[in-house]
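This is what each chain is made of:
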Amino acid sequence: MCSPWSGRNVSDRRLSCLWCGREIADSEVGRRRRYCRQSCRQRAYEHRKSLEGTGIPEDSVVLSAQEAADLADRWFAARCAAEDVATAVAEGADSAELAQLTDTLVALTKDAERLR
């Protein structure tokens, strides 16, 4: 199951930074953190301010051409890793090899979740 809440207590929730996508731990005290660092919070503020008066919704994600290309590259690497897992399963790979391939796949998909 891929749900971020599956098998976890509410206090164990892992959240993603709204700016960079890095994982941040939910705090027991106070309100939930939205950014992993002050620099991410600052970049998000600058982004919101740059969109004022443009008609672009505040919650839009604007990527440069390089950022979009990097994101596409990360998703391509994740898809290739998924294909490697499928091939290994079809060829009857042992559990150690499958574990290694799935670890790689999970790492690549976590990296691909980042927008920046």
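Residues numbered from 1 in each chain as written. Predicted model: local features only at pLDDT ≥ 70, side-chain atom pairs only at ≥ 80, totals over all residues. Heavy atoms only, no water.

Enquirer: Is there a simple way to think about the packing of helix α2 (residues 65–90) against helix α3 (residues 95–113) in this case?
Expert: Between two packed helices, both the angle of their axes relative to each other and the distance between the axes serve to describe the pair. Between α2 and α3, the least distance of the axes is 9 Å, while the angle of their chain directions is 160°. One way to sum up the angle between α2 and α3 is to call them roughly antiparallel. In this structure, α2 crosses over α3, and the sense of that crossing is left-handed. Along its contact with α2, which presents Leu71, Arg74, Trp75, Ala77, Ala78, Ala81, Ala82, Asp84, Val85, Ala88 and Val89, the element α3 presents Leu98, Leu101, Thr102, Leu105, Leu108, Thr109, Asp111 and Ala112. Each residue belonging to the contact of α2 with α3 can be placed in one class, and the counts come to 14 nonpolar, two polar and three charged. (Axes fitted to C-alpha atoms, helices over the stretch in contact; angles between N-to-C directions. Helix = DSSP H or I, 4+ residues; strand = E, 2+ residues; numbered from the N terminus. Parallel < 35°, antiparallel > 145°, perpendicular 65-115°, else oblique. Left-handed = near helix turned anticlockwise from the far one by under 90°. Contact = heavy atoms within 4.5 Å. Nonpolar A, V, L, I, M, F, W, Y, C, P; charged D, E, K, R; others polar.)

Enquirer: Please explain the pattern of salt bridges as it appears in this structure.
Expert: Pairs may arise between side chains of opposite charge once their charged atoms sit close together. Throughout the structure, instances matching the rule amount to three salt bridges. Ionic pairing is found between Glu52 and Lys49, a salt bridge with its closest N-O pair at 2.8 Å. Among the residues examined, Glu52 registers a relative accessible area of 51% and is labelled exposed. With its nearest N and O atoms 3.8 Å apart, the salt bridge here joins Arg79 to Glu83. With Arg79 and Glu83 both in helix α2, this residue pair falls four residues apart, about one helical turn. (Salt bridge = Lys/Arg side-chain N within 4 Å of Asp/Glu carboxyl O. Buried < 20%, exposed > 50% of the residue type's maximum accessible area, 1.4 Å probe, protein only.)

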